[in-house]
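Architecture at a glance
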Amino acid sequence: MSSASLTSPAARLRGLRPDWLNNPKVWRTEVLTGLVVALALIPEAISFSIIAGVDPAVGLFASFTMAVVISVVGGRRAMISAATGAVALVIAPLNREHGFGYLVAAVILAGVIQIALGALGVAKLMRFVPRSVMVGFVNALAILIFMAQVPEMTDVPWPVYPLIAAGLALMVFFPKVTTVIPAPLVSIVILTVITVAAAIAVPTVGDKGALPSSLPVPDLPDVPFTMDTLTTIAPYAFAMALVGLMESLMTAKLVDEITDTHSSKTRESIGQGIANIVTGFFGGMGGCAMIGQTMINVKVSGARTRLSTFLAGAFLMVLCIVFGPVVSDIPMAALVAVMVMVSFATFDWHSIAPKTLKRMPAGEITVMVITVVCVVATDNLAIGVVVGSVTAMVIFAKRVAHLAEVTPVTAPDGTSVIYTVTGELFFASSNDLVGQFNYTGDPDKIVIDLSAAHVWDASSVAALDAIETKYAQRGKTVEITGLNDPSADLHGKLTGELASH
């Protein structure tokens, strides 16, 4: 009898179950981390609802549906998606000018656009984001997370400050005692017990807004289904789709690096679209990946599976509906302490160490600084990433432009000259190419050897045509040799066709 036939059904079933079901330690970490993230999501979701100009329940419903759906269809395990400030800023004008029904319709359309972009492979563009932009993105993110806590630390009763300090101390020292329970959860529970037992008057979660008392129900957006409606919501939906995808893909890439694992960016793109469509039909304001809560989940608490993401959304609704009065008593100082800890843990301190700055090329430092400044100035991660990436490309193009070299060698009999071109020929490097030939002093026959070069674009072909033209005007002939197959194909198609008329 074979060993396969001796395997019991129970053993085969265990092999099909997720890893966390077979490991009590992982299961415990995922459950408790989901609870911590859910607690941190509540004030954030309420705040983003206020930014979007909608009822707090709308942001909480969005966080619930986004987290639950993305835990199933997303491409990056343990990443948290919920209502976000970036999305709220994009759709706030639509809600203000046209009403809530149009906002919901825009969220659904944004989801459709994200699915289309995901299917078209937009996630592959992430490979063009250089490391210096990624570092700038992370550092700007840490700064934004900290800055978001500043309002909670200004014009508040004095007990808030020792409570925040106590929360930070607990999160720093408690892991030295045990890691069985996430330190942020311990900090939140202890500070809540202290403030309630001692009747300390400090701002609480309940001060942010009323929590929902029932689950959301699906419904169609209350808008006329006409072309006018489509043209009204389309610009906002497209902007929301782009901002949401960019933040989600950047966050997924960051989690990949932290956990040393790979994720499917295409699946994540499509998953974000599905989550937003579901959220829209449930009357939510839409969302994307949340870097702060993801850092709590992955970096601070050590979650690694989809269970923590799912439970973050599920616990969010349970906390609001079942334990609303208790959650309302949580002091904001406890959650501020968690987010401050997250901001310090997120910042890449090595990137600004004097030793690192001395060794790093000036261009890399410039890109990192520009990314940080743009993100902090605009409060928009997407803008910073785009500007940083474009800056990096310009610096790279400028650097590569000087790598094309031209070396002339005159034949012993003086009847011809061979110019050997080395390097990459594209729009930046080809601009200087024309000026490196001696049109007047050269003999009648000129050979341009491109064996060590590659022609990348029309600008390079146009430069070679200009060189031939200048020699032809002086009655001299030019022979271009050594083109590799792709260069020869491009040159053959475009030569003689690019002169202005």
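Residues numbered from 1 in each chain as written. Predicted model: local features only at pLDDT ≥ 70, side-chain atom pairs only at ≥ 80, totals over all residues. Heavy atoms only, no water.

This next bit is on the overall build of the chain. Check the secondary structure of the chain and you find 21 helices and six strands. Compactness check: the chain gives a C-alpha radius of gyration of 29 Å against a globular reference of 23 Å for 501 residues, more than 25% above the reference. The principal-axis extents of the C-alpha atoms in the chain amount to approximately 100 × 75 × 60 Å. Counting the 501 residues in the chain, one finds 51% classified as buried. Of the roughly 23100 Å² of accessible surface on the chain, a fraction of 66% belongs to carbon and sulfur atoms. Computing the positive centroid from 29 side-chain charges and the negative centroid from 34, the chain places the two 12 Å apart. (Helix = DSSP H or I, 4+ residues; strand = E, 2+ residues; numbered from the N terminus. Rg over C-alpha atoms; globule rule 2.2 N^0.38 Å. Buried < 20%, exposed > 50% of the residue type's maximum accessible area, 1.4 Å probe, protein only. Areas by Shrake-Rupley, 256 points an atom, 1.4 Å probe, with all protein chains shown as cover. Lys, Arg positive; Asp, Glu negative; His and termini not counted. Charge placed at Lys NZ, Arg CZ, Asp CG, Glu CD.)

This part takes up the environment of Thr-356. Relative to the helices and strands, Thr-356 resides in helix 17 (residues 354-359). Within the local environment of Thr-356, its side chain forms a polar contact with the backbone oxygen of His-350, the two atoms lying 2.8 Å apart. (Polar contact = N/O pair within 3.5 Å; in protein donor to acceptor, adjacent residues only side chain to side chain.)

Under the criterion given, the structure shown has seven aromatic pairs. Centroid distance Phe-344 to Trp-349: 5.9 Å. Interplanar angle 25°. Geometry classified as stacked. A relative accessible area of 45% places Trp-349 in the partly exposed class. Here the aromatic rings of Phe-437 and Tyr-471 are separated by 6.4 Å at their centres, their planes lie at 90°, and the arrangement is edge-to-face. Residue Phe-437 is found in the loop between strand 4 (416-425) and strand 5 (445-455), and its partner Tyr-471 is found in helix 20 (residues 458-472); the two are separated by 34 residues along the sequence. Phe-437 sits in the buried class, given a relative accessible area of 7%. Given a relative accessible area of 0%, Tyr-471 falls into the buried group. One Lys or Arg, Lys-470, reaches over the ring of Tyr-439 and ends 5.8 Å from the middle of that ring. (Phe/Tyr/Trp six-rings, centres within 6.5 Å; stacked < 30°, edge-to-face > 60°. Lys NZ or Arg CZ within 6 Å of the ring centre and 35° of its normal.)

What follows deals with the pairing of strand 4. Alignment of strand 3 (residues 405-410) against strand 4, held across six bridges, turns out to be antiparallel. By the bridge assignment for strand 4, Val-409 is matched with Ile-418. Once strand 3 ends, the chain turns through five residues before running back antiparallel as strand 4, passing Gly-414 with a positive phi of about 75°. With nine bridges joining them, strand 4 and strand 5 adopt parallel strand pairing. Paired with Tyr-419 across the bridge in strand 5 is Ile-448. (Pairing = 2+ DSSP bridges.)

What follows concerns unusual backbone geometry. Although it is not a glycine, Ala-78 adopts a positive phi angle of roughly 75°. A positive phi angle, near 55°, is found at Ala-199, a position not held by glycine. With respect to the helices and strands, the residue Ala-199 is situated in the loop between helix 10 (183-197) and helix 11 (227-259). Judged by relative accessible area, which is 65%, Ala-199 ranks as exposed.

A few words now on the layout of surface pockets. Approximately 770 Å³ is the volume found for the largest pocket. Lining the largest pocket are 32 residues, and of these Glu-44, Phe-48, Gly-85, Leu-144 and Ala-148 sit closest to its centre. Sorting the residues of the lining of the largest pocket by element identifies helix 4 (24-52), helix 6 (85-98), helix 8 (131-149), helix 13 (291-300) and helix 16 (332-346) as the ones contributing at least two each. (1 Å grid on protein atoms, 1.4 Å probe; cavity = no way out; pocket = protein on both sides within 12 Å on 5 of 7 lines; lining within 4 Å. Points joined across faces, edges and corners; volume = space filled by probe spheres on them.)

A few words on the sheet that holds strand 4. In space, the four strands of this open sheet follow the order 3-4-5-6, with mixed pairing throughout. Strands with a single pairing partner mark the edges of an open sheet, and in this sheet they are strand 3 and strand 6 (477-481). Ignoring strand direction, the axes of neighbouring strands in this sheet form an average angle of 20°. Pairing geometry for strand 5 and strand 6, over five bridges, is parallel. Residue Val-447 lies in a different strand from strand 6, and its bridge partner there is Glu-479. Packing of helix 20 onto the sheet brings it into contact with strand 4, strand 5 and strand 6, and relative to strand 5 it is tilted by some 175°. (Axes fitted to C-alpha atoms, helices over the stretch in contact; angles between N-to-C directions. Contact = heavy atoms within 4.5 Å.)

Once that is clear, we can look at helix 6. With 14 residues, helix 6 should reach 20 Å at 1.5 Å per residue; the first-to-last C-alpha distance of 20 Å fits that figure. For helix 6, the full list of buried residues reads Gly-85, Ala-86, Val-87, Ala-88, Val-90, Ile-91, Ala-92, Leu-94 and Asn-95. In this structure, the buried side of helix 6 is in contact with helix 4, helix 7 (100-119), helix 11 and strand 2 (288-289). One side-chain oxygen of the residue at the start of helix 6 lies 3.4 Å from the amide nitrogen of Val-87, identifying that residue as Thr-84. (Expected span 1.5 Å × (residues − 1).)

The subject of this paragraph is the pattern of salt bridges. Considering all chains together, one arrives at four salt bridges under this definition. For Lys-208, the salt bridge goes to Glu-152, with nearest N and O atoms at 2.4 Å. Here the residue Lys-208 occupies a position in the loop between helix 10 and helix 11, and Glu-152 occupies one in the loop between helix 8 and helix 9 (160-177), the gap between them amounting to 56 residues. On the accessibility criterion, Glu-152 (18% relative accessible area) is buried. Salt-bridge contacts for Lys-493 lead to Asp-489; the nearest nitrogen and oxygen are separated by 3.5 Å. Here Lys-493 and its partner Asp-489 are both found in helix 21 (residues 485-494), four residues apart, which amounts to about one turn of the helix. What makes Lys-493 exposed here is its relative accessible area of 58%. (Salt bridge = Lys/Arg side-chain N within 4 Å of Asp/Glu carboxyl O.)

The next subject is the nonpolar core. Of all hydrophobic cores here, the largest spans 111 residues; its most connected members are Ile-42, Leu-60, Phe-137, Met-285, Ile-296 and Leu-316. In terms of residue count, helix 4 provides more of this core than any other element does, twelve residues in total. Setting aside its immediate chain neighbours within four residues, Ile-42 contacts Leu-60, Val-205, Leu-211, Leu-316, Leu-319, Cys-320 and Val-327. (Core = buried A, V, L, I, M, F, W, Y, C linked by side-chain atoms within 4.5 Å.)

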